[in-house]
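So the chains spell out like this:
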Amino acid sequence: MGLSGIEIFKKLPKKNCKECGVPTCLAFAMKLAQGKAELVECPYVSEEVMVELSEASAPPIRTVTIGVGENALKVGGETVMFRHDKTFVNPPGIAVLISDKMSEEEINQKIKQFNQIKFERVGLVLKPDLIAIKSETQNGDKYASLVRKIKDQTEAKIILISSQKEVMKAGLDCCQDKRPLLYVPTSNGVNEIAQLAKENNCPLAVKGSNLEELAETVDRLIKEGLKDLVIDSGARDIKQLLEDQIKIRRTALKTKFKPFGFPTITFPNEMTEDPMKEALYAAVMIAKYAGIIVLSDLEVYRIFPLLVQRLNLYTDPQRPMVMEPKIYEINEPNEKSPVIITTNFSLTYFIVSGEVEGSKIPTWLCIMDTEGLSTLTAWSAGKFVPDLIAVYLKKIGIGDKVSHRKVIIPGYLAQIKGELEDELKNEWEVIVGPREASDLPNFLQKIA
Ligand code: SF4
């Protein structure tokens, strides 16, 4: 946010009517300044102020959307240099490059790889996002048929790469409805392709031979009315690229330098022939501000660590990942199946449910709302304690689903067994489970 809470407050209606969900206009202004509320939540802001504040409060790095609808990818929109200042907002899009010079077999293999790469972790699906389609033959028909094939066979967001307006247009005509990113790899052709991007409401990516040239090009494009831009400093040496990435982010944030207020696109695939180095460079770019990272392929052993790194860096460090509190049925439980209760910290859930699932023993897994805290932390914070657990077990009606009265608690909370039985009026036997989730299959086998 560009404005402080007080500066925003001066422009608010000052009715203190609470309709925005907070008690005062000042509190709302503070939330706005922290990016935790949106101006539309106040129904009394005039249109004039809305425009003024929206512009002033827009993130210093523009959010650019590639694709349309639910499947669209947003890049940019960042407001901080470091993740500990505030969360990073939009994870970088990961792309694989396919060229019209490749053999049919190689193209098919890359499309297959793109469609197959999908990992589930903590309830999220991790997968690559884009296919960058490069014209190397300069043959419009050939390029168009490749673009059509990729559009028909994948759900990938598309980056079209060409310096030739006619070739770019041939590709764009096949996927205009997907709002692709048009990337111009040389300074030739920028003006014509910029016109194409403008006419078709598509984002445009441009490359400089250095930061100065990039700034000049982007400045000119902004003056010509282009808004959705993605920028490439042109560096293909990791040291230079890292420096450029940091300079671009810092200049955009600290000095509000408009030409650098856009997400960046980087090409580890053009920086080395060594696949491991390519993955390493991509990892550096995930950490240091890339908006899009283009790779030469998606081999599992290299893409998986990158997807996990991206997930880890782009989760909000101040907000634990949580599961919905409810009863989860694992392996089709029946009235005789064991009952386990634990917290709604997503990692706890996935570790426990994974082990139970692997054991093949039908089980009822009760997940209680502890605001995302893990078992011991939740217990010490008073959120996973006998009286609350007893109330929760009753509330979710687990007693109606089973004919027995036995509930398994996490092994680290053995000390609450007696108290929980008291709270459950001795109608339930409380069994202390193993300390490590990996011991659950054996444990369940013994008691089942
Ligand atoms: Fe103030 Fe608007 Fe919130 Fe009412 S809805 S308290 S006027 S900010």
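A quick note: this is a predicted structure, and the numbers were derived from the prediction, not measured. Sequence positions are assigned chain by chain, starting from 1 and proceeding in written order. Reporting in this predicted model follows two pLDDT cut-offs: at least 70 for local features of residues, and 80 or more for side-chain atom pairs to be given and counted; totals over whole chains, interfaces and linings ignore these cut-offs and use all residues. Calculation of side-chain values draws on the structure's entire complement of heavy atoms; hydrogens and water are dropped beforehand.

(A) Seen up close, the side chain of Ser-162. In this description a helix means any DSSP run of H or I spanning at least four residues, a strand means any run of E spanning at least two, and both kinds are numbered starting from the N terminus. With respect to the helices and strands, Ser-162 occurs in the loop between strand 7 (157–161) and helix 6 (165–175). Exposure categories follow from relative accessible area, calculated using a 1.4 Å probe and restricted to protein chains: below 20% of the type maximum is buried, above 50% is exposed, and the middle band is partly exposed. Relative accessible area serves as the criterion here: at 1%, Ser-162 is assigned to the buried category. Nitrogen and oxygen atoms within 3.5 Å of one another constitute a polar contact, given that in protein one can donate a hydrogen and the other can accept it, and given that sequence-neighbouring residues count only through two side-chain atoms. At 3.0 Å, the side chain of Ser-162 forms a polar contact with the backbone nitrogen of Gln-164. If we ignore the near neighbours within four places in the chain, the residues touching Ser-162 are Ser-135, Gln-138, Val-167, Met-168, Tyr-183, Val-184, Pro-185 and Ile-193. Whether two residues are in contact is decided by their heavy atoms, any of which lying within 4.5 Å being enough.

(B) Examining the environment of Gly-123 more closely. Relative to the elements of secondary structure, Gly-123 occurs in the loop between strand 4 (119–121) and strand 5 (124–126). On the basis of relative accessibility, which here comes to 43%, the residue Gly-123 falls in the partly exposed class. Once the C-alpha coordinates of Gly-123 and Val-45 are considered, the two residues, 78 residues apart in sequence, prove to be 38 Å apart.

(C) Spotlight on the domain arrangement of the protein. The domain limits used here are those given by an automatic or database domain assignment. In terms of domain boundaries, the protein breaks down into domain 1 (5–56), domain 2 (63–313) and domain 3 (327–447). Between the C-alpha centres of domain 1 and domain 3 there is a distance of 44 Å.

(D) Looking closely at the site of the ligand. Here a residue is near a molecule or strand as soon as one of its heavy atoms is found within 4 Å of it. In the region of the ligand, the neighbouring residues are Pro-13, Lys-15, Asn-16, Cys-17, Lys-18, Glu-19, Cys-20, Cys-25, Phe-28, Cys-42 and Pro-43. When residues are grouped by polarity, Ala, Val, Leu, Ile, Met, Phe, Trp, Tyr, Cys and Pro land in nonpolar, Asp, Glu, Lys and Arg in charged, and all others, Gly among them, in polar. Partitioning the shell around the ligand into residue classes produces 7 nonpolar, 1 polar and 3 charged.

(E) The arrangement of the packing of helix 9 (residues 238–254) against helix 10 (residues 275–287) in detail. Helix axes use the C-alpha atoms of the stretch in contact, all axes being lines fitted to C-alpha atoms, and the angles between their N-to-C directions lie in the range 0 to 180 degrees. One way to put it is that helix 9 packs onto helix 10 with a least axis distance of 10 Å and a crossing angle of 10°. What the angle tells us is that helix 9 and helix 10 run roughly parallel. Contact residues: Ile-238, Leu-241, Leu-242 and Gln-245 in helix 9; Tyr-281, Val-284 and Met-285 in helix 10. Of the residues belonging to the contact of helix 9 with helix 10, the class tally is 6 nonpolar, 1 polar and no charged. Our angle categories are set so that under 35 degrees counts as roughly parallel, over 145 as roughly antiparallel, 65 to 115 as roughly perpendicular, and the remainder as oblique.

(F) Here's a closer look at helix 7 (residues 190–199). Restricting attention to buried positions, one finds in helix 7 the residues Val-190, Ile-193, Ala-194, Leu-196 and Ala-197. Projected onto a plane normal to the axis of helix 7, the buried residues spread over an arc of 160° and lie on a single side. Of the residues flanking the end of helix 7, it is Asn-201, one or two places downstream, whose phi is positive at about 50°. Think of the arc as the fan of directions from the helix axis to the C-beta atoms.

(G) Inspection of the packing of aromatic side chains at higher detail. When two rings of Phe, Tyr or Trp (its six-membered ring) have centres within 6.5 Å they constitute a pair, described as stacked for plane angles under 30 degrees, edge-to-face for angles over 60, and tilted for the intermediate range. Across all of its chains, the model carries 7 aromatic pairs by this definition. A connected cluster of aromatic rings, assembled from ring pairs, spans Phe-88, Tyr-289 and Tyr-314. Throughout this description, the term charge over a ring refers to an Arg CZ or Lys NZ atom that lies within 6 Å of the ring centre and within 35 degrees of the ring normal. Over the ring of Phe-88 we find Arg-249; its NZ or CZ atom is 5.9 Å from the centre of that ring.

(H) Spatial organisation of the environment of Lys-10. Looking at the element boundaries, Lys-10 is found in helix 1 (residues 5–11). Lys-10 gets classed as exposed once you look at its relative accessible area, which sits at 60%. Sequence-wise, Lys-10 and Cys-25 are 15 residues apart; in three dimensions their C-alpha atoms are separated by 9.5 Å.

(I) Summary view of the packing of helix 5 (residues 140–153) against helix 6. The contact between helix 5 and helix 6 brings their axes to 8 Å, and the two run at 25°. As judged from the angle between their axes, helix 5 and helix 6 are roughly parallel. The two elements helix 5 and helix 6 meet at a crossing, and its hand is right-handed. For the pair formed by helix 5 and helix 6, the contact residues are Gly-140, Tyr-143, Ala-144, Val-147, Arg-148 and Lys-151 on the first element and Val-167, Ala-170, Gly-171, Cys-174 and Cys-175 on the second. Its residues assigned to classes, the contact of helix 5 with helix 6 shows 7 nonpolar, 2 polar and 2 charged. Two helices crossing with the near one rotated counterclockwise from the far one by less than a right angle form a left-handed crossing, whereas a clockwise rotation gives a right-handed crossing.

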